Amino acid sequence: MAAEATPAPATGRCLCGAVTITLQAWNPAISACHCSLCRRAGGGIMAGFEAPADAVAVAGDVARYRATDFAERAFCPRCGSNLWLRDDGGPYELSPGLFEIAAAFPLIREVYADCAQRWAGLAGDHPRITREAYETDNPHQEGA
Ligand SMILES: [Zn+2]
Ligand SMILES: [Zn+2]
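The shown structure was predicted, so the numbers you read here are calculated from the model rather than taken from an experiment.

Peer 1: Describe the nonpolar core, listing the residues and the values that go with them.
Peer 2: Ranked by internal contacts, the top residues of the largest apolar core, which has 21 residues, are I21, L23, W26, F49, L83, L94 and F99. Elements with a contribution of two residues or more to this core: β2 (20-23), β4 (46-51), β8 (82-87) and β9 (92-94). Discounting chain neighbours no more than four positions away, the residues touching L94 are I21, L23, A47, G48, F49, A51, L83, W84 and F99. Within the second largest apolar cluster, 9 residues are counted, among which are C35, V111, Y112 and C115.

Peer 1: Quick one: what's the story with the side chain of R73, residue by residue and with numbers?
Peer 2: Checked against the element boundaries, R73 lands in strand β7 (residues 71-75). Notably, R73 is buried but unbridged: the nearest opposite-charge side chain belongs to E93, and the N-O separation is 8.3 Å. Dropping the residues within four chain positions of it, R73 is found in contact with L37, C38, A41, M46, A63, R64, Y65, A67, W84 and L85.

Peer 1: Would you mind going over the sheet that holds strand β1 (residues 10-13) in detail, with residue names and values included?
Peer 2: Read across the sheet, 3 strands follow the order β1-β2-β5 without closing on themselves; strand pairing throughout is antiparallel. Two strands lie at the open edges of the sheet, namely β1 and β5 (56-59), each paired on one side alone. Between one strand axis and the next, the sheet turns by 20° as a mean value, whatever way the strands run. Taken together, the 4 bridges between β2 and β5 define a ladder with antiparallel strand orientation. In the strand pairing of β5, T22 is matched with A57.

Peer 1: Break down the coordination of the zinc ion (ligand 1) for me, citing the residues and quoting the values.
Peer 2: For the zinc ion (ligand 1), the protein coordination sphere consists of C14 (SG), C16 (SG), C76 (SG) and C79 (SG), at 2.3 to 2.4 Å. Seen from the zinc ion (ligand 1), its 4 donor atoms lie at angles of 105 to 114°, and the figure they make is tetrahedral.

Peer 1: Which residues make up the coordination of the zinc ion (ligand 2), and what values go with them?
Peer 2: Geometry reference: four tetrahedral donors at a metal, ideal angle 109.5 degrees. Six octahedral donors, ideal angles 90 or 180 degrees. Within the first shell, the zinc ion (ligand 2) binds the protein through C33 (SG), C35 (SG) and C38 (SG), at distances of 2.2 to 2.3 Å. In the primary sequence, the donor residues of the zinc ion (ligand 2) line up as C-x1-C-x2-C. The class for C38 is buried, based on a relative accessible area of 4%.

Parameters and conventions
- Residues numbered from 1 in each chain as written.
- Chains lettered and ligands numbered in written order.
- Predicted model: local features only at pLDDT ≥ 70, side-chain atom pairs only at ≥ 80, totals over all residues.
- Heavy atoms only, no water.
- Core = buried A, V, L, I, M, F, W, Y, C linked by side-chain atoms within 4.5 Å.
- Buried < 20%, exposed > 50% of the residue type's maximum accessible area, 1.4 Å probe, protein only.
- Helix = DSSP H or I, 4+ residues; strand = E, 2+ residues; numbered from the N terminus.
- Contact = heavy atoms within 4.5 Å.
- Lys, Arg positive; Asp, Glu negative; His and termini not counted.
- Salt bridge = Lys/Arg side-chain N within 4 Å of Asp/Glu carboxyl O.
- Pairing = 2+ DSSP bridges.
- Axes fitted to C-alpha atoms, helices over the stretch in contact; angles between N-to-C directions.
- Donors = N, O, S within 2.8 Å, 3.2 Å for Na, K, Ca; no water.
- Tetrahedral: all angles 85-135°; square planar, octahedral: opposite > 155°, others 65-115°.

Below, the structure is given as structure tokens:
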């Protein structure tokens, strides 16, 4: 199931509208995470889609939090909306809910699937990657 191609740019915004994000390119695919950091930051689960750093323009004040040794989380300091998670030097993993275009993106995976709170499992045939499998192949925070 491919999302329909949407011509760039695409614009998203936080709840209060103080932060707007304009994308010149993106990968139309949603990854959801159930690790303990995402559970806390996102109220139980977080989801994101990637955009290359040079394709992202942000307007408005943004609060940044060093969530791990290698990644930041960003949110609107006024309304608290989660904006992105970004490994240092990597692409942005943007919150889908900020962007109308993301409504049609397919869910491609759940990571830390075995750590999900019971209510938060997502329906579908996408891969469900366990904590052990994810941490074997990716940088991660000990204890996440
Ligand atoms: Zn806001
Ligand atoms: Zn996570």
